[in-house]
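# Geometric and topological summary
Single-letter residue listing:
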Amino acid sequence: MSEGEEELNVGAVRLEEVASAANVSLSTASKALRGKPHVSEKTRIRVIDAARRLGYSAAEAMASMARLSVRDSHGMQDFRVGIIGVDMKGVFSPTILIGAENAFQARSAAALLFNASGNEALFHSGIERMLVQGVSGLLIISRCTDPVPYYVDSPVPVVYAYGPSRDPDDCSVAQDNVESGCLAVRHLLSCGRTRIAIIAGDSEYSVTHERMRGALKALHDAGLQLAGEARGPDPRKVDTVG
């Protein structure tokens, strides 16, 4: 066993061992031990009993996971970060990945990639696999700017990129689509254009409605009406004030 491996396994029972003993998934074991919702009382008791039986210390494990690292050939720490793609078919997914990779390389972090292909079961499986690999954090990348539809419970920090979390308390790096719509119209106004039409995207996506709302708000603030009929969401059903 190498020096790095000894450091990672010093007298600690791992969470996956508790999950296996309790016959639950890694994420369920994590939720149960941290008192999170969406776990039945029967399952919670089973997980706690397994943890006690194995001598698992949640506090020690959390601290260990937070500093978990491997060492390169020069003995330098190299932190592992897991990248989960909700669906990597998005146009901007490669660009986000390149940016993340550059940032991780600059900090000697090793990135592990998993693509869930829009499948919720694969998404949660990918998270569990990343945790088993000992990642120090997770980066969730979406193919669109709609909120990520899946609930994430993790003992390590999680950051959402492009598509935000549904929980406002989570860390999400996403664009302000309403402001984007406003800026587009303000630019046209600054060019002296006052007859402005809107050709929006697919009404299925929240980004379309948000940008439409921003564009209509900018027109409203300028005392102007939309020129012609908008192609996209019905402007009459879009809140333009606020």
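From a predicted model like this one, the values you see are computed outputs, not experimental measurements.

### Focus: the confidence of the model for the protein chain
Regions with low pLDDT should not have their predicted coordinates read in detail. Overall, the predicted model of the protein chain reaches an average pLDDT of 79, with 81% of residues at or above 70. Note that pLDDT drops below 50 for residues 1–11; the model gives that stretch seven contacts with residues more than four away or on any other chain. This model gives residues 63–76 a pLDDT under 50, and the stretch forms 25 contacts once residues within four places in sequence are excluded.

### Digging into the packing of aromatic side chains
All told, the structure shown has one aromatic pair when counted by the stated rule. Between the aromatic rings of F123 and Y150, the centroid separation amounts to 4.9 Å while the plane-to-plane angle is 45°, which identifies the pairing as tilted. A residue pair is termed long-range when its members are at least 10 positions apart, and F123 in helix 7 (residues 120–132) and Y150 in the loop between strand 4 (137–141) and strand 5 (158–161) qualify at 27 residues. The buried category is assigned to F123, whose relative accessible area is 0%.

### Considerations on helix 7
The terminal C-alpha atoms of helix 7, which comprises 13 residues, lie 19 Å apart, in line with the 18 Å expected from a rise of 1.5 Å per residue. Where helix 7 is concerned, the buried positions are F123, G126, I127, E128, M130 and L131. At the N-terminal boundary of helix 7, the capping side chain belongs to N119, with an oxygen 2.9 Å from the backbone nitrogen of A121. Note on helix 7: the residue one or two positions beyond its end, G134, has a positive phi of about 80°.

Rules and cut-offs
- Residues numbered from 1 in each chain as written.
- Predicted model: local features only at pLDDT ≥ 70, side-chain atom pairs only at ≥ 80, totals over all residues.
- Heavy atoms only, no water.
- pLDDT = per-residue confidence, 0-100.
- Contact = heavy atoms within 4.5 Å.
- Phe/Tyr/Trp six-rings, centres within 6.5 Å; stacked < 30°, edge-to-face > 60°.
- Helix = DSSP H or I, 4+ residues; strand = E, 2+ residues; numbered from the N terminus.
- Buried < 20%, exposed > 50% of the residue type's maximum accessible area, 1.4 Å probe, protein only.
- Expected span 1.5 Å × (residues − 1).
- Polar contact = N/O pair within 3.5 Å; in protein donor to acceptor, adjacent residues only side chain to side chain.

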